[in-house]
Amino acid sequence: MTTVRTRIAPSPTGDPHVGTAYIALFNYCFARQHGGQFILRIEDTDQVRSTRKSEEDILAALKWLQLEWDEGPDCGGPYGPYRQSERSEIYREHVQHLLDKGHAFHCFCTAERLDAVRKQQMENKQQPGYDGHCMSLSAEEVQQKLAAGEPHVIRMKVPREGKCVIKDLLREDVEIEWSQVDMQVLMKSDGLPTYHLANVVDDHLMKITHVIRGEEWINSAPKHLLLYQYFGWEAPVLCHMPLLRNADKSKLSKRKNPTSIGYYQRMGYLPEAVINYLGMMGWSMPDGNEKFSVQEMVANFDIHRVSLGGPVFDTQKLDWLNGRYLRESLSDEEFLQRYAEWALRTDALRQIVPLIKPRVERFSDVVPLAGFFFSGMPAINAESFAHKTLSAEDQLKILQFVAWRIEEIKDWKRDVLEQALVELAGKLEIKIRDFLYPLFIAIAGTAVSTSVIDSIAILGLDLSRARLRHAMQVLGGVSGKQQKKLEKDYQSLRGAAQQGEGDN
RNA sequence: GUCCCCUUCGUCUAGAGGCCUAGGACACCUGGUUUUCAUCCAGGCAACAGGGGUUCGAAACCCCUAGGGGACGCCA
C-alpha cells in the first residue's frame, strides 16, 4: 500500500482565510489518520497578486492553529521546491510534452477577441468557452508567429463529445459533458502555468494520493483528470468538501464576515477553539462530543462523516466553544499566561504608545484610553451617534463608503489611509471633522479618543471592518435596496480609480 | 443563460429502511443556585422543502418540482 499524502495549497494573495484552514484541517486529519504525510505547497503563479507577506502570514496562521506540515517551503522535503514560482522550468517541460503529443496548442487570440466571443456565446445562451480559433493554425503559421514574438498562451485540447465521469469520495459519480469543458489555458503569456496545469503536475510529482479541496473545484475536475490522462499518470482520489457559508448561504466572503484567521486571533479566540469549531463544520465526532482537540479528531476521523450541506460559519457557537476552552481547559496560571501573551504583543503596543502618551497623566489612564484596541465591539447604541449636522443616514453612508474604500487599499499604511479618507470626504463634500465623527464612534466607541485614522491603521482591515459593520447595524442597518443605491453612488464617486479585487 | 452540487429545528449537527412520538448542541425563553451578573443545574420552544412512487414499513431508496449554492478568467 502506498503512503497517503495530502496537501494544502494556498495562494498567497491575501489574508490567511478560514476556508484555507478548514480545508487544511481535513487534509491534515485524513493524512494523519492513515499515518501519511501532509504537505504545504504555495501556489503563487499569479505574479500580480501573490506576495511574500501573505505567504508568511498564511504559514504563521496555520502554525497558530497547530496544523503542522511534513514538507513545505519553510522546512523543505524530498519533492521540492514547494513554491510554484520556483518550479517554472518543470512546468515548461511538461507543457512542451503536451505540445509534442498534440494535447495542447498555441493560442494567439487577444483578450478583446475572447471577450467578444464570450459575449456572443452568452447571447446565444451557449456555454461560454474558447472557440478553437487557433487550433486551425498550421505548424508554419505558428512558427512564424512565435518567431515574430507574438504574445501567446498554451491551451489544452478537450474532446468535443462524450462525458467525463468524476469519482468523488463523498458523492455519487459526477458526470460532465466534455462539451461543457473549456479549452483551458495551461500556460499564460508570462510563461507561468495556470492553476490547472501546475496543480496536476505538482500533485503528481509530489506523490499526492488524495486531493481534498473545496466544492468550487468540481466543475474543473474534468480538466484535471484529462491532464492526468494526457500525461499517462494515475489520478489521485478526489474529494470535494462543502463550502463554508455566510449567514445568507452564499460562499463565505470577507465582505459579509470576518474571514481572516488573524481576526480571530486578535479578537482573543484560542487556536484550539477555532480549529475545533472548523472541525464541526460539516463533520462531527461519532460520539457526538462537540469539544475535541485536533488529536482527538484525527483519532476518530472518518472522511465519510462529512455532511455535504454547506455549513454557515456562525460565530455564536464559536463564542460558546471558546468560552468553554477558556474556563474549562486552562488553569488560572495558564489563563494568565495565555492572556498575557495575547494582550502584551509588544509590536502592537509599540504602535499604540505614541498615540496615548501625549494624553495621559497616569498609567491608570491607559486602559480607558486605549482599551478599545483590545476589546471586541465597542458598547454603542444609536444615540452614541447623535450629531449636530449629520443624520443617521449620512453616517450610515459614510461608514459603508469607508468600509468599501479601506478594502481597496493594498498598501496598508497610515498615510495611505489618511489620504484615502480625506479624498473620500472631499468627494462627499463633508468636512473631514464631521466625516470622521461616525468613524470615531464605530472604531473607538467615543469621539474623545486617539486619532481614528491611526486607530484604523493599527487595528487593521479585518478588525476595523468588523467594527464598521457593527456600527452600521447599531444605526439600523442597510436594506437591500439602500445597499444597491449606495453601491451605485460609491461606484460613480470612485470613478475610474475603481478597480476590481478578489474576495478571497 | 449553460452545466454541476446540495436540501433534518433560526444555526451546527445525529440519523446507512423498522431502535424516530426524529436525538444532541448553540441561540432564545422559563425556573433553580449565586449579595448582582456570568458560570453551573433543570425545563421549554423549534426541523425531515413539496409531490409522486418502491416497500408490510421511508427522514433514509427512486423520480419530478421547488429552493439554495457553485462553476463558466492569461485568479486560485
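Residues numbered from 1 in each chain as written. Chains lettered and ligands numbered in written order. Predicted model: local features only at pLDDT ≥ 70, side-chain atom pairs only at ≥ 80, totals over all residues. Heavy atoms only, no water.

Re the protein's contact with RNA strand B
Phase 1: As a matter of local geometry, RNA strand B sits amid 48 residues, with Thr 45, Lys 188, Glu 215, Gly 282 and Glu 290 nearest to it.
Phase 2: When atoms of RNA strand B within 4 Å of the protein are sorted by moiety, sugar and phosphate together comprise 76%.
Phase 3: Take Arg 118: an N or O atom from its side chain is 3.1 Å from a phosphate oxygen of RNA strand B.
Phase 4: Gln 127 places a polar side-chain atom, nitrogen or oxygen, 2.7 Å from a base oxygen of RNA strand B. (Near = heavy atom within 4 Å. Polar contact = N/O pair within 3.5 Å; in protein donor to acceptor, adjacent residues only side chain to side chain.)

A look at the pattern of salt bridges
Phase 1: Within this structure, the stated rule accounts for 40 salt bridges.
Phase 2: Across the pair Asp 248 and Lys 256 runs a salt bridge whose closest N-O atoms are separated by 2.9 Å.
Phase 3: Lys 256 gets classed as partly exposed once you look at its relative accessible area, which sits at 44%.
Phase 4: Each of the salt bridges in this network shares a partner with another, and the network as a whole consists of Arg 7, Arg 41, Glu 43, Arg 87, Asp 202 and Asp 203. (Salt bridge = Lys/Arg side-chain N within 4 Å of Asp/Glu carboxyl O. Buried < 20%, exposed > 50% of the residue type's maximum accessible area, 1.4 Å probe, protein only.)

Description of the packing of helix α9 (residues 271–279) against helix α11 (residues 315–329)
Phase 1: Two numbers describe how α9 lies on α11: the axes approach to 9 Å, and their chain directions differ by 135 degrees. Considering the angle they form, α9 stands oblique to α11. Crossing geometry of α9 relative to α11 is assigned as right-handed. For the pair formed by α9 and α11, the contact residues are Glu 272, Ala 273, Val 274, Asn 276 and Tyr 277 on the first element and Thr 315, Lys 317, Leu 318, Leu 321, Asn 322 and Tyr 325 on the second.
Phase 2: Along the lines of polarity and charge, the residues of the contact of α9 with α11 split into six nonpolar, three polar and two charged. (Axes fitted to C-alpha atoms, helices over the stretch in contact; angles between N-to-C directions. Helix = DSSP H or I, 4+ residues; strand = E, 2+ residues; numbered from the N terminus. Parallel < 35°, antiparallel > 145°, perpendicular 65-115°, else oblique. Left-handed = near helix turned anticlockwise from the far one by under 90°. Contact = heavy atoms within 4.5 Å. Nonpolar A, V, L, I, M, F, W, Y, C, P; charged D, E, K, R; others polar.)

Regarding the nonpolar core
Phase 1: Counting residues in hydrophobic clusters, the biggest one holds 105 residues, and the most contacted among them are Phe 26 and Phe 435.
Phase 2: Among the elements that make up this core, the one with the highest residue count is helix α18 (residues 452–474) (12 residues).
Phase 3: Of all hydrophobic cores here, the second largest spans 46 residues; its members include Val 95, Cys 107, Leu 186 and Met 206. (Core = buried A, V, L, I, M, F, W, Y, C linked by side-chain atoms within 4.5 Å.)

A few points about helix α2 (residues 52–64)
Phase 1: Taking 1.5 Å per residue, 13 residues should reach 18 Å; α2 reaches 18 Å between its end C-alpha atoms and fits that length.
Phase 2: What α2 keeps buried is the set Ser 54, Glu 55, Ile 58, Leu 59, Ala 61, Leu 62 and Trp 64.
Phase 3: Contacts made by the buried residues of α2 are with β1 (5–8), α1 (18–33), β2 (37–40), α8 (261–266) and α9. (Expected span 1.5 Å × (residues − 1).)

Re the confidence of the model for chain A
Phase 1: Here chain A averages 91 in pLDDT, while 98% of its residues score no lower than 70.
Phase 2: Low pLDDT, under 50, characterises residues 496–504; the predicted model gives this stretch 15 contacts beyond four residues in sequence or across chains.
Phase 3: Reported confidence for the predicted complex is 0.95 by ipTM and 0.91 by pTM. (pLDDT = per-residue confidence, 0-100.)

Structural notes on the sheet that holds strand β3 (residues 104–107)
Phase 1: Taken in spatial order, the three strands of this open sheet run β3-β4-β7, and their pairing is antiparallel. The sheet is open, and its two edges are formed by β3 and β7 (185–187), each paired on a single side. The average angle at which neighbouring strand axes cross in this sheet is 45 degrees, direction not considered.
Phase 2: Pairing of β3 with strand β4 (residues 153–156) involves four bridges; the strand directions are antiparallel. Residue pairing for β4: Cys 107 is matched across the bridge by Val 153. (Pairing = 2+ DSSP bridges.)

Considering the side chain of Ser 50
Phase 1: Relative to the helices and strands, Ser 50 resides in the loop between β2 and α2.
Phase 2: Residue classification places Ser 50 among the buried residues on the basis of a relative accessible area of 18%.
Phase 3: A distance of 2.8 Å separates a polar side-chain atom of Ser 50 from the backbone oxygen of Asp 46.
Phase 4: With residues near it in sequence (within four places) discarded, Ser 50 still touches Pro 12, Thr 13 and Asp 44.

Some thoughts on unusual backbone geometry
Phase 1: With a phi close to 55 degrees, Gln 66 is a non-glycine residue in the positive phi region.
Phase 2: The class for Gln 66 is partly exposed, based on a relative accessible area of 28%.
Phase 3: The phi angle at Lys 207 is positive, at roughly 60 degrees, despite the residue not being glycine.
Phase 4: Looking at where Lys 207 falls in the secondary structure, it is placed in the loop between α6 (195–205) and β8 (210–214).

Some words on the pairing of β4
Phase 1: Of the two faces of β4, the one lined by Val 153 and Arg 155 and the one lined by Ile 154 and Met 156 are each fully buried.
Phase 2: The pairing of β4 with β7 spans two bridges and is antiparallel. In the strand pairing of β7, Ile 154 is matched with Met 187.

Side note on the environment of Ser 284
Phase 1: Checked against the element boundaries, Ser 284 lands in the loop between α9 and α10 (294–299).
Phase 2: Classification of Ser 284 as partly exposed rests on a relative accessible area of 32%.

A few points about the packing of helix α16 (residues 414–428) against α18
Phase 1: Put simply, α16 and α18 touch, their axes get as near as 9 Å, and they point 125 degrees apart. Considering the angle they form, α16 stands oblique to α18. Here α16 runs over α18; the crossing is right-handed. In contact with Arg 414, Leu 417, Glu 418 and Leu 421 of α16, α18 contributes Ile 453, Asp 454, Ile 456 and Ala 457.
Phase 2: Each residue belonging to the contact of α16 with α18 can be placed in one class, and the counts come to five nonpolar, no polar and three charged.

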